[in-house]
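The lines below spell out each chain.
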Amino acid sequence: MNSQLRFLLLLISVILPCYTIASSMSAVEEDKDRFGGEYRSFAVELNDLNVCKAACENDGICRSWTYVDPGVQHTNGMCWLKKSENTPAPCAQCSSGYKVVTNVNVASNSMSDTEIDMDRYGREYLNFAVEQNDQSVCSAACKNDKRCRSWTYVDPGVQHTNGMCWLKSSTNFNQPCASCTSGYKSAPTNEHMGSEEPDTDRFGNEYYNVALSTGDQASVCKAMCQEDGLCGAWTYVDAGVQGATPRCWLKSSGNAPTNCNVCTSGVKEKTLALSPVASNQQRVGHTYKTLSVTSELACMQQCEDDNKCMSWNYDSALTSNSCELNVTINDATAGTGTSGFKVKKDTILAAGLAHTCFVQSSGAVKCWGTNTYGQLGDGTVNDSSMPVSTGSLSNAAQITAGNNHSCAILADRSVQCWGRNDHKQLGNGSSTDSSTPVSTNSVANAIQLAATDNFTCALQDSAEITLNNVVSTERGVIKCWGSFPILNNRNSWSGSDPQNIVSTELVGVKQIAVGNPLGAGHVCAAMHTGEVKCLGKTILSGSRSLKNEISTISGISNAVDLVSSDVVACAIDAGSTPSENKLKCWGFIDGAQHLTPIEFAYLKGAQRVAITGENEPTSRVCAVMYDGAVKCSAYGDGDYTVSGIADAIQITNADGKSCALIANGEVKCWSDAAGSTPTTPLNVSF
């Protein structure tokens, strides 16, 4: 393979499938051209039209392709990739095809079949020797790394005495390699892109740039960032500034926006969060950057802001307060400084009225507690103090728990629910309880769930809705089912199949929380803008109105976590550093109604928040702090720190009981009924 073709293949590698819908390729159309919308072309050294077809299939922007026979435009065959499907036209020297799109969602981390004697060259960010000389180790490393899009395993004796594994941030284009085995992820991860920012640059931490084709718009650069596992921000530079054609820059961190009248930029939302700070520990290995910073919080912030960083080390005893950023999590070893690593932000621990559910790393679901309506999902209505398996679920990604039912998002972003169904809160079209998981009708593309007594809601990554008589596909759309006061109905409705909340004010949502006091119901939404908006008839809509309305909650500008009970909602408003985060709540608190959020000063520095209690004053708010401690405020009963909990990363509350997910994967639970001293947290045995 010559260097010129390898370079062309590398250019192609910056794009991978960005669509949340699945697609397959049409049959080859001989003697046809699909002219128009060309954005890439390259010579096909192998003179094989299937190379061109595969290039389109693996390119998120490509909608159709044309292969031109050798000797017409080049001594080799030429491949043209197009942004639109186009209309086929006669062409004696051409072969074409297009993508056939369906509404079936693909699992966000499902792996392709193994490609023997193939390399997916380009955009490598990590390599390591595989002591076991087993290619499945390399495939698993890619699957478990959210930044990875493809992998290549090189046989022992070629680059090392052992086999070598290479992880790449883009899908790339496969090419023959006798000593290689490769694979890729079937679809990109659930990462959300911000809006395009005209006349703005997000300068810094560039790791890749490429000249685009004449006429390419900023959306092409944005798609490249979305489809690259390491990308945190992008900048598109107008044609004629850095070359005759536009140029796209990918950056590993979001950076701060600056003025640039020849630029368009944007950011990608983080999908990982930081673990608590660990003292006297180091995570040594694969360091890619060493900085001089003023504190461990500054080092922690550097890692949080950089998508390439997976762990960090800070040591004030070293010269210039050394801060190391590592591309891998690494194992913890004894050291003189402090360290931390990145963990999933997904909700995998949830509590209902008297039951708790947990998504294990394997994707299996375990539940325990009261089971009157089958809310444990084990096929019985028998209570269990020990975790039991929920049906045969093996691919769950997130979980929520209503009062007496539970729901999970599966890897393909469909939803299954189980338990009480008197208000059709399972969403399967019936009102019959189910002690095993059932599929929820017409819910796809789900990225978060929230449930209460009588209804359930899903946040969809994107959905087609009609706004102002125009049908459009919007990101961050809420869909609900059960008994819920839908905005455009103005009355509570019962037993409906899942329906989108259709409102221009409730698109662009990144997180939802729900409550259901006296059948009134509300849903609160944290927007991608950082605002919080609430819909409903209750005080949580920001007023005492009995009408359905949407209100923006004052005093919150950058919400990073959001929860609600029936009578109180809380949001964490991000500070300049994690220790400066403010936890603000509104609703019926400590005997008084608060339409404007009040700050819980004791919980300053919160990272995650949980709330429980149908009626005040049994309600309490608990939070995971930036250092991994768990603190609670029990309204009129005072504030307290839960002893025996360290390195927590998520918390959930039920009436009289709380549980925390620990960074090492353990779940610890304790009793903390109102007015009593919390019991010692105990490990849950799975």
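Look a little higher up for the structure.
Residues numbered from 1 in each chain as written. Predicted model: local features only at pLDDT ≥ 70, side-chain atom pairs only at ≥ 80, totals over all residues. Heavy atoms only, no water.

Caption draft 1: Spotlight on helix 4 (residues 218-226). Within helix 4, 7 of the 9 residues are buried, which leaves it mostly tucked inside the rest of the structure. On the buried face of helix 4, the contacting elements are strand 3 (38-44), strand 13 (206-211), strand 14 (233-237), strand 15 (247-251) and strand 16 (258-267). (Buried < 20%, exposed > 50% of the residue type's maximum accessible area, 1.4 Å probe, protein only. Helix = DSSP H or I, 4+ residues; strand = E, 2+ residues; numbered from the N terminus. Contact = heavy atoms within 4.5 Å.)

Caption draft 2: Summary view of the sheet that holds strand 25 (residues 365-369). The strand order across the open sheet formed by 4 strands is 23-24-25-26, and the pairing between neighbours is antiparallel. Two strands lie at the open edges of the sheet, namely strand 23 (349-351) and strand 26 (384-389), each paired on one side alone. Each neighbouring strand pair of the sheet contributes to a mean axis angle of 15°, computed without reference to strand direction. Inspection of the sheet shows strand 25 paired to strand 26 by 3 bridges, in the antiparallel sense. Looking at the pairing, K366 lines up with S389 of strand 26. (Pairing = 2+ DSSP bridges. Axes fitted to C-alpha atoms, helices over the stretch in contact; angles between N-to-C directions.)

Caption draft 3: Region of interest: the sheet that holds strand 30 (residues 434-439). Pairing in this open sheet of 4 strands is antiparallel, and the strands run 27-28-29-30 from one edge to the other. Of all the strands in the sheet, just strand 27 (396-401) and strand 30 have a single pairing partner and so form its edges. Within the sheet, the average angular offset between the axes of one strand and its neighbour, ignoring direction, is 20°. The pairing of strand 29 (residues 415-419) with strand 30 spans 3 bridges and is classified as antiparallel. Residue pairing across strands places C417 opposite V438, the latter belonging to strand 30.

Caption draft 4: Representation of the side chain of D306 within the structure. Here D306 lies in the loop between helix 5 (296-305) and strand 20 (311-315). By relative accessible area, which is 2% here, D306 ends up buried. Here D306 is in contact with N205, S252, S253, Y288, K289 and K342, once residues within four sequence places are set aside.

Caption draft 5: Quick peek at the pairing of strand 40 (residues 568-573). Strand 40 sits mainly inside the fold: 6 of its 6 residues count as buried. Judged by which residues are buried, strand 40 turns out to be covered on both faces: V568, C570 and I572 on one side and A569, A571 and D573 on the other are all buried. Inspection of the sheet shows strand 39 (residues 559-564) paired to strand 40 by 5 bridges, in the antiparallel sense. Opposite L562, over in strand 40, you have A571 as the bridge partner. Count of turn residues in the strand 39/strand 40 antiparallel hairpin: 3 residues.

Caption draft 6: View of the packing of aromatic side chains. Applying the stated criterion across every chain yields a total of 3 aromatic pairs. Ring geometry for F42 and F173: centres 6.4 Å apart, planes at 65°, overall edge-to-face. A residue pair is termed long-range when its members are at least 10 positions apart, and F42 in strand 3 and F173 in the loop between strand 10 (163-168) and strand 11 (174-184) qualify at 131 residues. F173 matches F42 in its accessibility class, with the two residues each being buried. Chaining the aromatic ring pairs together yields one cluster made of F358, W368 and F686. The ring of Y208 has R123 lying over it, and the distance from NZ or CZ to the ring centre is 4.0 Å. (Phe/Tyr/Trp six-rings, centres within 6.5 Å; stacked < 30°, edge-to-face > 60°. Lys NZ or Arg CZ within 6 Å of the ring centre and 35° of its normal.)

Caption draft 7: Broad picture of the environment of V68. Along the chain, the position of V68 falls in strand 4 (residues 64-68). Assessed through its relative accessible area of 6%, V68 is described here as buried. For V68, the residues in contact, after removing those within four places along its chain, are Q73, G77, M78, W80, Q93 and C94.

Caption draft 8: Fine view of the nonpolar core. By size, the foremost hydrophobic cluster in this structure holds 26 residues, and its most contacted members are F358, V365, W368, I399, W418, L661 and V667. When residues of this core are traced back to their parent elements, those giving at least two are strand 22 (332-344), strand 23, strand 24 (355-359), strand 25, strand 27, strand 28 (405-410), strand 48 (657-662) and strand 49 (667-671). In terms of nonpolar packing, the next biggest core, distinct from the first, is built from 18 residues, A450, I501, I512 and M527 among them. (Core = buried A, V, L, I, M, F, W, Y, C linked by side-chain atoms within 4.5 Å.)

Caption draft 9: How the structure looks around unusual backbone geometry. Although it is not a glycine, D31 adopts a positive phi angle of roughly 60°. Along the chain, D31 falls in strand 2 (residues 29-33). Exposure remark for D31: the relative accessible area of 44% places this residue in the partly exposed category. Phi at N280 takes a positive value of approximately 55°, unusual for a residue other than glycine. Looking at where N280 falls in the secondary structure, it is placed in strand 18 (residues 278-283).

Caption draft 10: Up close: the pattern of salt bridges. Here the structure, examined in full by the defined rule, presents 19 salt bridges. Between R420 and D422 there is a salt bridge, and its shortest N-O distance comes to 3.3 Å. You can call R420 partly exposed: its relative accessible area is 23%. When the shortest N-O distance is used, the salt bridge between R620 and D672 registers 2.7 Å. With R620 in strand 44 (residues 620-625) and D672 in the loop between strand 49 and strand 50 (682-683), this pair connects stretches of sequence that are 52 residues apart. Of the two residues, R620 and D672, neither departs from the other in class, the shared state being buried. (Salt bridge = Lys/Arg side-chain N within 4 Å of Asp/Glu carboxyl O.)

Read these as spatial facts, not as claims about activity.
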